[in-house]
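Structure at a glance
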Amino acid sequence: METQEEAIVLTSQGHQRIEEELNRLVTVDRHEVAARIRDAKDYGELTENAEYEAAKNAQAFVEGRIMDLKSIVGRARILRDSDIPTDHVGLGSIVTIQDKNFGDDWTVTLVSSYEADPDQDLLSDESPIGKALLRKHVGESVEVKTPDGLIAYEVMSITK
């Protein structure tokens, strides 16, 4: 019996970033690593050649990442603009939340774990904050347990 892998929901921007990374890995990084391996072979005995070992490890990483990204792209379901809710928080929603203790606003985009990047304010729907925000409406509050303690946020706006 054949099992069908679950679709991976991506925003169009997330899909584009993954496609760009895959393209760079295939057209640039793969060739650079192959060149490093060729050059490292000139350094002597391969069993004691740290440069060769490092290049082979880099090759394994690049090839593994290419396989992962191809799988993601093959299973991707790209959110259409009409799929992104603005009446409640859902995948693709751009949400401004306010820290109820300090009054600081934070605008985040809720995405799948495959495109999450907290440094870019792209929060996974599986993260503690993402889970708490799902299906919330403007004006509603959530409490999130973090390593620093309980943080309360209020949903200020939801856009796409």
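For every chain, the first residue of the written sequence is number 1, and numbering continues from 1 onward in sequence order. Selection of residues for local features in this predicted model requires a pLDDT of at least 70, selection of side-chain atom pairs for listing and counting requires 80 or more, and totals for whole chains, interfaces and linings are taken over all residues. Remark: hydrogens and water are excluded; side-chain values derive from all non-hydrogen atoms of the structure.

**A short note on the overall build of the chain**
A tally of regular secondary structure across the chain gives three helices and seven strands. Going residue by residue from the N terminus, the α and β elements of the chain occur as β-α-α-β-β-β-β-α-β-β. Here the C-alpha atoms of the chain give a radius of gyration of 21 Å, more than 25% beyond the 15 Å that 2.2 N^0.38 yields for 160 residues. The C-alpha extent of the chain, read off along each of the three principal axes, is 65 × 40 × 30 Å. Sorting the 160 residues of the chain into buried and exposed places 34% on the buried side. Excluding contacts between residues fewer than 6 apart, the proportion of contacts in the chain whose partners are at least 24 apart in sequence is 51%. With residues, only the protein chains shown are counted as cover, and all accessible areas are computed by Shrake-Rupley using a 1.4 Å probe. Accessible surface, the chain as shown: approximately 10200 Å² in total, 48% of it carbon and sulfur. In this count, Lys and Arg are taken as positive residues and Asp and Glu as negative ones, while His and the chain termini are left out. Charge positions are represented by NZ for Lys, CZ for Arg, CG for Asp and CD for Glu. Considering the chain, the positive charge centre built from 18 side chains and the negative charge centre built from 32 side chains are found 4 Å apart. Each helix corresponds to a stretch of at least 4 residues labelled H or I by DSSP, and each strand to a stretch of at least 2 residues labelled E; elements are numbered beginning at the N terminus. With the radius of gyration taken over C-alpha atoms, the globule rule is written as 2.2 Å times the number of residues to the power 0.38. Partly exposed describes any residue whose relative accessible area lies between the buried limit of under 20% and the exposed limit of over 50%, with all areas from a 1.4 Å probe on protein chains only and scaled to the type maximum. Whether two residues are in contact is decided by their heavy atoms: any pair within 4.5 Å suffices.

**Let's talk about the packing of helix H1 (residues 12-41) against helix H2 (residues 50-75)**
Taken N-terminus to C-terminus, the directions of H1 and H2 make an angle of 160°; their axes are 9 Å apart at the nearest point. Classed by the angle they form, the pair H1 and H2 counts as roughly antiparallel. Regarding H1 and H2, the two cross each other, and that crossing is left-handed. Lines fitted to the C-alpha atoms define the axes, with helices restricted to the stretch that makes contact. Angles between their N-to-C directions range from 0 to 180 degrees. Oblique is the label for any angle not under 35 degrees, not over 145, and not in the 65 to 115 range, which are roughly parallel, roughly antiparallel and roughly perpendicular in turn. Should the near helix be turned counterclockwise from the far one by less than a right angle, the crossing is left-handed, whereas a clockwise turn marks it as right-handed.

**A look at H2**
Here, expected helix span is obtained from the residue count minus one, scaled by 1.5 Å. Compared with the 38 Å implied by 1.5 Å per residue over 26 residues, the 38 Å span of H2 between its first and last C-alpha is a close match. Within the sequence span of H2, burial applies to Tyr52, Ala55, Ala58, Val62, Ile66, Leu69 and Ile72. Buried residues along H2 sit in contact with strand E1 (8-10), H1 and strand E2 (76-78).

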